[in-house]
Amino acid sequence: MTTAPLTAPPATRSDADWWRQAAVYQIYPRSFADGNGDGIGDLRGIISRIPYLAELGVDAVWLSPFYPSALADGGYDVDHYRDVDPTIGTLEEFDEMVTALHGVGIKLIVDVVPNHSSDRHEWFREALSAPKGSPARERYIFRDGRGEHGEEPPADWTSIFSGPAWTRVPDGQWYLHSFATEQPDFNWKHPEVHEDFLRTLRFWSDRGVDGFRIDVAHGLSKDLGEVLPSSAELKAMPKDGTHPLWDRDDVHEIYAEWRELFDQYEPPRIAVAEAWVETPERRAKYASPEGLGQAFNFDLMEADFDAGHFRDIVADNLAQSAVTGSSTTWVFSNHDGVRHATRYGLPPRAGRPVKQGAQWVAAGGPEDGIDRELGLRRARAATMLELALPGSAYLYQGEELGLHEVAEIPDEQRQDPAFWRTTAGDRGFDGLGRDGCRVPLPWTRSGSSFGFGEGGAHLPQPAWFADFSVEAEDGAAGSTLEMYREALRLRGELQGEESLEWDEALSGGDVLAFERPGGWLSVTNFGAQPVALPVGEVLLASGELEAAADGTSQLPGATTVWLRRSEA
Ligand code: NOJ
Ligand code: CA
């Protein structure tokens, strides 16, 4: 790999716009770094690794839930929204972490989980101890059952994690949970639910948090009459803003309230929606400046490694963000999906659709036929393409090490409710679930939990983690960590206006090339055969460039190169 010094001036942008082209690093706190040796990652661990994040060169951290929780769903089952889980730390440590992050110029986004609480939340406990029909039950969604004695659920709905979406309580009523049993859905028609979340957003904003990631943003508003539709009827209903459960138009009234609060801060607090919706047009509503302002776009995460498909996704999403005035987002890996280094090495399957919903494809065991080397090569190329795009890039802890999904976790050690609730192949969250991307990070080649902490790790780490550890990759020429560091450094220097021009002369077949302002050219060869290296000064490549027989340089398959063209 080659690097060259740069003379381009750093991008200028107003502080309020910091998020528009930010590289955001997602920390899944229980698996990042363990400061006290109990096997669970914590705030002390994060604080100790802030120099690592600064050296990596990310602009912001998105912290997955760290609130008190019984971990029925990895912390997305929240007991108290305005506190820190005692196994993770204290509010004082949280403040210390914010100050330390800000001290090195890194912003902080925290996760907010407004669709459901945990079943240990004081409101839910109050609802259970209050009689049927009492106001305490109104904050959630309770219904009588069907059948002579109400012994059948109010409707035959399935939860997103499989299994029934309704659970019966001792006095015979049922409550709705779109996810695990321990995650009762809030009733957003209740004014106290609104008030409480405004209080939560203010609480963290006042503590210096820069923004929020909104979990299941498309699910809060529900319109359930007395007679509930069947699951087949629900499926047949269009998701055009009128569906009883998902992506209702009136959900944006909630986000308009939140925006008013966000804009009272300087700079305004930002928010990014996790919204699984049908079309880019519907996603754009979440990204509206009158609402949350930005929305995750999971299209690349679901795409096969294919030049044409990538191009369509990039073009569609840039066009969409031009309409809303937001900036687009790019994601290849997160805590819910199979890591992209593994996903891109999955064997081709007959009849696999181009849009494969790949994040839920299970990575199998050692005999699974996954080509991990090819997967990592493609993942590195895809990441460099991503980091050259306008918009913000959301990176998931460990992807900077080229980590693969861990398949070898014994069933009895798995934690994901999606694994435990699934009966073979009946739905999306299938196979091995999501624990394989949540295994504690390897910081050192050896030692207790590969340097994750002084004790063990709450999910077992495989022996091959040694070669993917920070220690193994730090300073090693050509390592994935060094590629990310250099790519992020260059991105920071080259980042200018949010525009992109396809290079039609270079693009075609397996090659996708585009130019950013200032002569920054990104060329990806998605194919297997090398192609001629375009003219320009090589800034960085995701793999070794090759020499052809005639001595000219070539861009090998599954590789991205960044070049600088001299401006005419
Ligand atoms: C989306 C989160 O990313 C996922 O981890 C969680 O299980 C569900 N929402 C439910 O909160
Ligand atoms: Ca700990």
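- An unreviewed UniProt entry lists the protein under the name Alpha-amylase, with Brachybacterium vulturis given as the organism.

### So, the overall build of the protein
Here comes step 1: Summing up its helical and strand segments, the protein has 15 helices and 19 strands in all.
Here comes step 2: Here the C-alpha coordinates of the protein stretch approximately 85 × 50 × 50 Å along the principal axes.
Here comes step 3: Split into buried and exposed, the 568 residues of the protein put 61% on the buried side.
Here comes step 4: Accessible surface, the protein as shown: approximately 21600 Å² in total, 51% of it carbon and sulfur.
Here comes step 5: Between the averaged position of the 51 positive side-chain charges in the protein and that of its 93 negative side-chain charges there is a distance of 2 Å.

### Some details on the domain arrangement of the protein
Here comes step 1: Structurally, the protein comprises domain 1 (15–113 + 297–487), domain 2 (116–185) and domain 3 (500–564).
Here comes step 2: A separation of 32 Å is found between the C-alpha centroids of domain 1 and domain 2.
Here comes step 3: Between domain 1 and domain 2 the total buried area reaches about 1400 Å² when both faces are included, carbon and sulfur atoms providing 49% of it.
Here comes step 4: There are one salt bridge connecting domain 1 and domain 2.
Here comes step 5: Where domain 1 meets domain 2, there are seven residue pairs in polar contact (both at pLDDT 80 or more).
Here comes step 6: For the side of domain 1 that touches domain 2, a count of residues per class yields nine nonpolar, three polar and seven charged.

### Regarding the side chain of Glu 93
Here comes step 1: For Glu 93, the location among the structural elements is in helix H3 (residues 91–103).
Here comes step 2: Reaching out from Glu 93, the side chain makes a polar contact with the side chain of Arg 44 at a distance of 3.4 Å.
Here comes step 3: Dropping the residues within four chain positions of it, Glu 93 is found in contact with Leu 43, Arg 44, Ile 47 and Ile 88.

### With respect to the coordination of the calcium ion (ligand 2)
Here comes step 1: Protein ligation of the calcium ion (ligand 2) involves Asp 34 (OD), Asn 36 (OD1), Asp 38 (OD), Ile 40 (O) and Asp 42 (OD), the donor distances falling in the range 2.2 to 2.3 Å.
Here comes step 2: Every donor residue of the calcium ion (ligand 2) comes from the same chain, spaced as D-x1-N-x1-D-x1-I-x1-D. As far as burial versus exposure is concerned, Asp 34 and Asp 42 are alike and both buried.

### Examining the packing of helix H5 (residues 191–206) against helix H7 (residues 251–262)
The description of two packed helices rests on the angle between their axes and on the distance between the axes.
Here comes step 1: At a minimum axis separation of 11 Å, H5 and H7 run at an interaxial angle of 30°. Compared by their axis directions, H5 and H7 come out roughly parallel. Seen from above, H5 lies across H7 with right-handed handedness. The residues of H7 that touch H5, namely those facing His 194, Phe 197, Leu 198, Leu 201, Arg 202 and Ser 205, are Ile 254, Glu 257, Trp 258, Leu 261 and Phe 262.

### Description of the nonpolar core
Here comes step 1: Judged by nonpolar contacts, the single largest core of 131 residues is most densely connected at Leu 53, Phe 94, Leu 108, Tyr 255, Trp 258 and Phe 310.
Here comes step 2: Per-element tally for this core: the top contributor is helix H12 (residues 372–388), with eight residues.
Here comes step 3: Residues in contact with Leu 53, not counting those within four places in the same chain, are Tyr 25, Ile 27, Phe 32, Val 58, Val 61, Leu 101 and Ile 106.

### Focus: the sheet that holds strand S5 (residues 166–168)
Here comes step 1: Here we have three strands laid out as an open sheet, ordered S4-S6-S5, and antiparallel in their pairing. Strands with a single pairing partner mark the edges of an open sheet, and in this sheet they are strand S4 (142–143) and S5.
Here comes step 2: The pairing of S4 with strand S6 (residues 174–176) spans two bridges and is classified as antiparallel. Each residue of the ladder has a partner; that of Arg 143, found in S6, is Trp 174.

### A word on the packing of H12 against helix H15 (residues 480–494)
Here comes step 1: Here H12 crosses H15 at 10°, and the two axes come no closer than 10 Å. As far as their axial angle goes, H15 and H12 are roughly parallel. Counting all contacts with H12, which are made through Leu 376, Arg 380, Thr 383, Met 384, Glu 386 and Leu 387, the residues of H15 involved are Thr 480, Met 483, Tyr 484, Ala 487, Leu 488 and Arg 491.
Here comes step 2: Residues of the contact of H12 with H15, tallied by class, amount to seven nonpolar, two polar and three charged.

### Some details on H5
Here comes step 1: Taking 1.5 Å per residue as the helical rise, H5 with its 16 residues ought to reach 22 Å, and the 22 Å between its terminal C-alpha atoms agrees with that figure.
Here comes step 2: Those residues of H5 that fall on the buried side of the exposure criterion are Val 193, His 194, Asp 196, Phe 197, Thr 200, Leu 201, Trp 204 and Ser 205.
Here comes step 3: Against the buried residues of H5 lie H3, strand S3 (107–112), helix H4 (122–129), strand S7 (211–214) and H7.
Here comes step 4: Directly after H5, the chain includes Gly 208, whose backbone phi takes a positive value near 100°.

### Here's the deal with the pattern of salt bridges
Two side chains bearing opposite charge may form a pair once their charged atoms approach each other closely.
Here comes step 1: Counting across every chain of the model gives 36 salt bridges.
Here comes step 2: For Glu 537, the salt bridge is made with Arg 564, and the minimal N-O distance between the two is 3.1 Å. Taken as a pair, Glu 537 in strand S16 (residues 537–541) and Arg 564 in strand S19 (residues 559–564) lie far apart in primary sequence, 27 residues in all.
Here comes step 3: Residue Glu 537 is classed as partly exposed on the basis of its relative accessible area of 33%.
Here comes step 4: Connected through salt bridges with shared partners, the residues Asp 73, Asp 336, Asp 416, Arg 434 and Arg 438 form a single ionic network.

### Focus: the confidence of the model for the protein
Here comes step 1: Taken over all residues, the pLDDT of the protein has a mean of 91, while the share at 70 or more is 92%.
Here comes step 2: In the predicted structure, residues 1–13 sits below a pLDDT of 50 and forms 38 contacts with residues beyond four places in sequence or in another chain.

Reading the values: rules and limits
- Residues numbered from 1 in each chain as written.
- Chains lettered and ligands numbered in written order.
- Predicted model: local features only at pLDDT ≥ 70, side-chain atom pairs only at ≥ 80, totals over all residues.
- Heavy atoms only, no water.
- Helix = DSSP H or I, 4+ residues; strand = E, 2+ residues; numbered from the N terminus.
- Buried < 20%, exposed > 50% of the residue type's maximum accessible area, 1.4 Å probe, protein only.
- Areas by Shrake-Rupley, 256 points an atom, 1.4 Å probe, with all protein chains shown as cover.
- Lys, Arg positive; Asp, Glu negative; His and termini not counted.
- Charge placed at Lys NZ, Arg CZ, Asp CG, Glu CD.
- Domains from an automatic or database assignment.
- Buried area = accessible area lost by both parts, 1.4 Å probe.
- Salt bridge = Lys/Arg side-chain N within 4 Å of Asp/Glu carboxyl O.
- Polar contact = N/O pair within 3.5 Å; in protein donor to acceptor, adjacent residues only side chain to side chain.
- Nonpolar A, V, L, I, M, F, W, Y, C, P; charged D, E, K, R; others polar.
- Contact = heavy atoms within 4.5 Å.
- Donors = N, O, S within 2.8 Å, 3.2 Å for Na, K, Ca; no water.
- Axes fitted to C-alpha atoms, helices over the stretch in contact; angles between N-to-C directions.
- Parallel < 35°, antiparallel > 145°, perpendicular 65-115°, else oblique.
- Left-handed = near helix turned anticlockwise from the far one by under 90°.
- Core = buried A, V, L, I, M, F, W, Y, C linked by side-chain atoms within 4.5 Å.
- Pairing = 2+ DSSP bridges.
- Expected span 1.5 Å × (residues − 1).
- pLDDT = per-residue confidence, 0-100.

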